[in-house]
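Chain by chain, the residues run as shown.
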Amino acid sequence: MMKLVNDPCGIFCILFTYTSIIYADYVVIQWVVLHTMQDSLWAPFHIVLFNTFLLLLTVSHLRAMFSDPGTVPLSHTNVSLSDLRQVNEPLVKREDWTMCTRCEAYRPPRAHHCRICKRCIRRMDHHCPWINNCVGEKNQKYFVQFLFFVCIISAYTIMLVIMSWVRECRQCKLYDMDTRQTQVLHSVILIMESALFGMFVIAILYDQMDAIYNDQTTIEQTVYKRPNPLHRYIFSVICRWPKKSRSTSKINIRSV
């Protein structure tokens, strides 16, 4: 199991993520379901289903955060690349493996150095502060699962809030004005939170599925693809995705 990366931005994003999850669970149970479905069997059904999705989201997030993304082991001795290439290995390995000048690790093709983790990662996609870890060969599936459950919960939350507004609630008429205003305020904040997280995660999930389908990581797409969409520029700031520069459009990906 990986240790927690000591990155202030990543730690802040994790705290913000779980604060948002706890707040969403509180509002859905206390101010949406229990306020509008007290006398209905739909209340326990929605509470159990919503918290099941939250549990799956939390498990996938923790596995993506603490799983080894594919860290390349460090060399125990200081040897040169020419010496390592003389090891009795297949010709393809000897020619394609390179030496990282930063962590001095003998790394396979498509491995890249993460300046935050300070290690080379196999098939590194990007370093994501929302899991405070790199997305690489071994934990990308957990990262995709996390994105998938965020999309489901965002859509489910918006649906529950809309149902609470549309569905006639006899008990709601008995509440005082302050209670009803508090309920509306929490519902509006929850709608905004779910919509922002949902749109943001859908875009990332689409890029991840596109990268898997085309067998290209985000770093490789950044290096070799000319188009630089607006959402990729935004992700380069929010998710620390690599930015494309004109001078590096034709460099070898193994030197990144």
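Residues numbered from 1 in each chain as written. Predicted model: local features only at pLDDT ≥ 70, side-chain atom pairs only at ≥ 80, totals over all residues. Heavy atoms only, no water.

*Asks:* Honestly, the overall build of the protein chain in this entry has me stumped. Any pointers?
*Replies:* Across its full length, the protein chain holds eight helices and six strands. Along the protein chain, helices (α) and strands (β) appear in the sequence α-α-α-α-β-β-β-β-β-β-α-α-α-α when read from the amino end. Across the protein chain, contacts joining residues at least 24 apart in sequence account for 69% of those joining residues at least 6 apart. In the form shown here, the protein chain has an accessible surface area of approximately 14,800 Å², with 63% of it arising from carbon and sulfur atoms. (Helix = DSSP H or I, 4+ residues; strand = E, 2+ residues; numbered from the N terminus. Contact = heavy atoms within 4.5 Å. Areas by Shrake-Rupley, 256 points an atom, 1.4 Å probe, with all protein chains shown as cover.)

*Asks:* Explain empty space enclosed by the protein here, please?
*Replies:* A probe matching the size of a water molecule, rolled over the atoms, marks out where space remains unfilled. Under the criterion given, the structure shown has two cavities of 30 Å³ or more. Residue lining of the largest cavity: 23 residues in total, with Thr-17, Ile-21, Leu-57, Val-150 and Phe-197 positioned closest to the centre. For the lining of the largest cavity, a count of residues per class yields 17 nonpolar, five polar and one charged. (1 Å grid on protein atoms, 1.4 Å probe; cavity = no way out; pocket = protein on both sides within 12 Å on 5 of 7 lines; lining within 4 Å. Points joined across faces, edges and corners; volume = space filled by probe spheres on them. Nonpolar A, V, L, I, M, F, W, Y, C, P; charged D, E, K, R; others polar.)

*Asks:* Mind showing me how you'd approach the UniProt feature "transmembrane region" (unreviewed entry) in the protein chain here?
*Replies:* In this structure's numbering, the residues bearing the UniProt feature "transmembrane region" (unreviewed entry) are residues 12-34, 40-59, 146-166 and 186-206. Secondary structure content for residues 40-59 is 90% helix and 0% strand, while the C-alpha to C-alpha distance between its ends is 30 Å. Helix and strand shares over residues 186-206 are 100% and 0% respectively, and the end C-alpha atoms of the span are 30 Å apart. (UniProt positions renumbered as here; feature names shortened; annotations may be inferred.)

*Asks:* It is not clear to me how the pattern of salt bridges should be interpreted in this structure. Could you clarify?
*Replies:* Side chains that differ in charge, positive against negative, can pair when their charged atoms come close. Here the structure, examined in full by the defined rule, presents three salt bridges. In this structure, Asp-215 and Arg-110 form a salt bridge, with 3.5 Å as the shortest nitrogen-oxygen distance. With Asp-215 in the loop between helix H6 (177-214) and helix H7 (218-224) and Arg-110 in the loop between strand S2 (106-107) and strand S3 (111-114), this pair connects stretches of sequence that are 105 residues apart. Notably, a salt bridge pairs Arg-110 with Glu-220, separated by 2.8 Å at the nearest N-O pair. (Salt bridge = Lys/Arg side-chain N within 4 Å of Asp/Glu carboxyl O.)

*Asks:* Looking at this model, I keep getting lost on the environment of Cys-100. Mind explaining?
*Replies:* Here Cys-100 is to be found in the loop between strand S1 (98-99) and S2. Distance from Cys-100 to Arg-119, taken between C-alpha atoms, is 9.3 Å for residues 19 residues apart in sequence. Ignoring any residue separated from it by four or fewer positions in sequence, one finds Cys-100 in contact with Ala-105, Arg-107, His-113 and Cys-120.

*Asks:* I would appreciate a short explanation of the nonpolar core in the present structure.
*Replies:* Soluble globular proteins tend to pack their nonpolar side chains together in the buried interior. Core analysis: the biggest nonpolar cluster contains 39 residues, and Phe-50, Leu-57, Ile-131, Phe-143 and Leu-147 have the highest contact counts within it. Those elements that place two or more of their residues in this core are helix H1 (8-36), helix H2 (42-66), helix H5 (140-166) and H6. If sequence neighbours within four positions are ignored, Phe-50 has contacts with Ala-24, Asp-25, Val-28, Ile-153, Tyr-156, Thr-157 and Leu-160. Of all hydrophobic cores here, the second largest spans eight residues; its members include Ile-116, Ile-121, Met-124 and Ile-219. (Core = buried A, V, L, I, M, F, W, Y, C linked by side-chain atoms within 4.5 Å. Buried < 20%, exposed > 50% of the residue type's maximum accessible area, 1.4 Å probe, protein only.)

*Asks:* Would you take a moment to explain the environment of Met-65 for this structure?
*Replies:* Among the structural elements, Met-65 can be located in helix H2. Residue class for Met-65 comes out buried when judged on its relative accessible area of 6%. Met-65 sits 68 residues away from Asn-133 along the chain, and the two C-alpha atoms are 5.6 Å apart. Apart from residues no more than four positions distant in its own chain, Met-65 is found in contact with Leu-4, Ile-14, Ile-131 and Asn-133.

*Asks:* What am I meant to see in unusual backbone geometry here?
*Replies:* Note: most peptide bonds trans; most residues except glycine with negative phi. The residue Arg-110 is not glycine, and still its phi comes out positive at about 70°. Residue Asp-215 is not a glycine yet carries a positive backbone phi of 55°. For Asp-215, a relative accessible area of 41% gives the class partly exposed.

*Asks:* Which parts of the structure should I look at to understand the packing of H5 against H6?
*Replies:* For any two helices packed against each other, one specifies the crossing angle of their axes together with the interaxial distance. It is at 8 Å that the axes of H5 and H6 come closest, and there the two elements cross at 150°. H5 and H6 meet at a crossing whose hand is left-handed. Its residues assigned to classes, the contact of H5 with H6 comprises 20 nonpolar, seven polar and no charged. (Axes fitted to C-alpha atoms, helices over the stretch in contact; angles between N-to-C directions. Left-handed = near helix turned anticlockwise from the far one by under 90°.)

*Asks:* Would you take a moment to explain H2 for this structure?
*Replies:* Because each turn of an α-helix spans 3.6 residues, side chains separated by three or four positions end up pointing in the same direction. With 25 residues, H2 should cover 36 Å at 1.5 Å per step; its first-to-last C-alpha distance of 36 Å lies within 8% of that length. Residues of H2 that are buried: Ala-43, His-46, Phe-50, Phe-53, Leu-54, Leu-57, Ser-60, His-61, Ala-64 and Met-65. Elements in contact with the buried residues of H2: H1, strand S6 (133-135) and H5. (Expected span 1.5 Å × (residues − 1).)

*Asks:* When you look at the packing of aromatic side chains in this model, what are you seeing that I'm missing?
*Replies:* Each aromatic ring pair is summarised here by two numbers: the centre-to-centre distance and the angle between the ring planes. Under the counting rule described, the total for this entry stands at 10 aromatic pairs. Relative to Tyr-106, the ring of Trp-97 has its centre 5.2 Å away and its plane inclined at 45°; by these criteria the two rings are tilted. Centre to centre, the rings of Trp-130 and Phe-200 are 6.4 Å apart; their planes meet at 65°, and the pair counts as edge-to-face. Taken as a pair, Trp-130 in the loop between strand S5 (126-128) and S6 and Phe-200 in helix H6 lie far apart in primary sequence, 70 residues in all. (Phe/Tyr/Trp six-rings, centres within 6.5 Å; stacked < 30°, edge-to-face > 60°.)

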